[in-house]
There are 2 protein chains.
Amino acid sequence: MAPRTIRKKPASAAGPRRPAPRPDPDESARTQAVADRLHTLAIHLLRWLRKEDEALGLSGSRLSALSVVVFAGPVSLGDLAAAEQVRPPSMTPVVLALEQAGLVKRRAHPADRRTVLVEATAKGREQLTRGRRLRVGQLANLLEGFPARELDELERTVDMLRQKLEDDRSG
Amino acid sequence: MAPRTIRKKPASAAGPRRPAPRPDPDESARTQAVADRLHTLAIHLLRWLRKEDEALGLSGSRLSALSVVVFAGPVSLGDLAAAEQVRPPSMTPVVLALEQAGLVKRRAHPADRRTVLVEATAKGREQLTRGRRLRVGQLANLLEGFPARELDELERTVDMLRQKLEDDRSG
DNA sequence: TTGCTTAGTTAGCCTAACTAAAGTATGCTT
DNA sequence: AAGCATACTTTAGTTAGGCTAACTAAGCAA
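Residues numbered from 1 in each chain as written. Chains lettered and ligands numbered in written order. Predicted model: local features only at pLDDT ≥ 70, side-chain atom pairs only at ≥ 80, totals over all residues. Heavy atoms only, no water.

Enquirer: Provide a residue-level description of unusual backbone geometry, including the pertinent values.
Expert: For residues that are not glycine, phi is negative in most cases, and the peptide bond is trans in most cases. Residue and element names in this part refer to chain A. Its identity as a non-glycine residue notwithstanding, Q85 has a phi of 60°, on the positive side. With respect to the helices and strands, Q85 occurs in the loop between α3 (77-83) and α4 (88-100). Exposure remark for Q85: the relative accessible area of 72% places this residue in the exposed category. (Helix = DSSP H or I, 4+ residues; strand = E, 2+ residues; numbered from the N terminus. Buried < 20%, exposed > 50% of the residue type's maximum accessible area, 1.4 Å probe, protein only.)

Enquirer: Describe the interface of chain A and chain B, with residues and values.
Expert: Residue-level contacts link 60 residues of chain A with 61 residues of chain B. Between chain A and chain B lies a buried interface of about 6900 Å² when both sides are counted; carbon and sulfur atoms form 62% of it. For the interface between chain A and chain B, the tally reads 12 salt bridges. Among the ionic pairs, R30 of chain A bridges to D152 of chain B, the shortest N-O distance being 2.3 Å. Linking chain A with chain B are 15 residue pairs in polar contact (both at pLDDT 80 or more). Elements represented by at least two residues in the side of chain A that touches chain B include exactly α1 (25-54), α5 (122-143) and α6 (148-170) of chain A. The class makeup of the residues in the side of chain A that touches chain B is 28 nonpolar, 11 polar and 21 charged. (Contact = heavy atoms within 4.5 Å. Buried area = accessible area lost by both parts, 1.4 Å probe. Salt bridge = Lys/Arg side-chain N within 4 Å of Asp/Glu carboxyl O. Polar contact = N/O pair within 3.5 Å; in protein donor to acceptor, adjacent residues only side chain to side chain. Nonpolar A, V, L, I, M, F, W, Y, C, P; charged D, E, K, R; others polar.)

Enquirer: Go over the relation of the copies chain A and chain B, please, and point to the residues and values.
Expert: Least-squares fitting of chain A to chain B yields an RMSD of 0.3 Å, with the superposition described by an axial translation of 0.1 Å and a rotation of 179°. As the rotation angle and translation indicate, the two copies are arranged about a two-fold axis. Interface overlap between copies is the fraction of interface residues in one copy that are interface residues in the other; for chain A against chain B it reaches 88%, indicating a shared surface. (Least-squares fit on C-alpha atoms with pLDDT ≥ 70 in both.)

Enquirer: Describe in detail empty space enclosed by the protein, supporting the description with residues and values.
Expert: Scanning the model with the defined rule gives two cavities of 30 Å³ or more in all. If you go around the largest cavity, you meet 16 residues; those closest to its centre are L38, L41 and V158 of chain A together with L38 and L41 of chain B. When contributions to the lining of the largest cavity are tallied by element, the ones reaching two or more residues are α1 and α6 of chain A together with α1 (25-54) and α6 (148-170) of chain B. When grouped by side-chain class, the residues that make up the lining of the largest cavity number 14 nonpolar, two polar and no charged. (1 Å grid on protein atoms, 1.4 Å probe; cavity = no way out; pocket = protein on both sides within 12 Å on 5 of 7 lines; lining within 4 Å. Points joined across faces, edges and corners; volume = space filled by probe spheres on them.)

Enquirer: Explain the protein's contact with DNA strand C to me, and be specific about the residues and the numbers.
Expert: Contacts to DNA strand C come from 20 residues, most closely from S90 of chain A together with G78, T92, R106 and R114 of chain B. One of the backbone N or O atoms of R87 of chain A is found 3.1 Å from a phosphate oxygen in DNA strand C. In the model, a phosphate oxygen of DNA strand C is placed 2.7 Å from a nitrogen or oxygen of the R106 of chain B side chain. Secondary structure elements with two or more residues in the surface near DNA strand C: α4 of chain A together with α3 (77-83) and α4 (88-100) of chain B. The greatest single-element share of the surface near DNA strand C, amounting to three residues, is contributed by α4 of chain B. Among the residues making up the surface near DNA strand C, the classes are represented as seven nonpolar, seven polar and six charged. (Near = heavy atom within 4 Å.)

Enquirer: Explain the protein's contact with DNA strand D to me, using residue names and the numbers behind them.
Expert: Neighbouring residues of DNA strand D: 20 residues in total, closest T92, R106 and R114 of chain A together with S59 and S90 of chain B. Of all DNA strand D atoms lying within 4 Å of any protein atom, the proportion belonging to sugar or phosphate reaches 76%. Contact between DNA strand D and S59 of chain B: a phosphate oxygen at 2.8 Å from a side-chain N or O atom of the residue. Within the side chain of S90 of chain B, a nitrogen or oxygen atom sits 2.5 Å from a phosphate oxygen of DNA strand D.

Spelled out as structure tokens, the structure:
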């Protein structure tokens, strides 16, 4: 059905009116409680999703590196190492393994032949997409049957949190 | 951050799990989209929180074992190994390290002296609580300033998802 | 007693993922 | 050209975590 944002104030559960954002101790405790539950949920959710990754046959560090290569385009081995917060020597075997699996290709930088440019192959992109789809599909099963209204709420909340996270990282 | 290509795919391609009660293509695509964003959020959230753990000085497996000991009360080494899904020999050094750190205590089972009972010390409980508080506090900062209505929504959604997860695990 | 079972430890080995330091090839500057 | 800088690889070693097999100690049963 049309995923339209049906907005309705949940008068029942909304609690007392809070006209101004001030450091209310009650509200702070409430925030903590919600944070705690969100924390636990995130852990359980990812643990639950991890089993999907095993089907891919890629270890965590390789999967993570592949993801950087796929999304950040051709990237030097050094930059890739930096993105993954490891030293270049640690990245060398990871890239080699990915190359042997046919998921990335290494080529020389056109202007600086010292530099190894790593780029994703079509197969690499596919594989990452497939893994993502496995996870997301699994998660979608969980959400299947949620009424549209709940999905709307969830989406809005998720976006808000992502925004906050981003703000925090840059700010 | 990720250039997501959300494709309208038949739901069958996504998850092997259960037949949806009604395969409405629109709603299914919507569900996938929300799942995708939730997935990304969970990853980012935990990655962002991980840095808090470093302050604790406990590796993942030790932290996890400690958490079992704290919450499941005195537990035999074998049961602990089973809970952590490893073999008993792998658990031995973990428990030793926790004991050396003063976080757990080992004692003989009163009725069966072969059995090693592992129980948390006050320090162990504190440390776990502290770690949790670090994470949750960090997360709470993120939520600080959310209007009460949003918190309510978030809480309800989180609880729903946790319920679903539990259902899935048992069912 | 003798012998089997169970709980945990010890010993020895494996893999993954990291590291620092040294080596090699290339680029840049003077 | 000479010499330093940079980008990566190689080498050698660490750490964390896992495993099996063999051992010790304790319980149980005939």
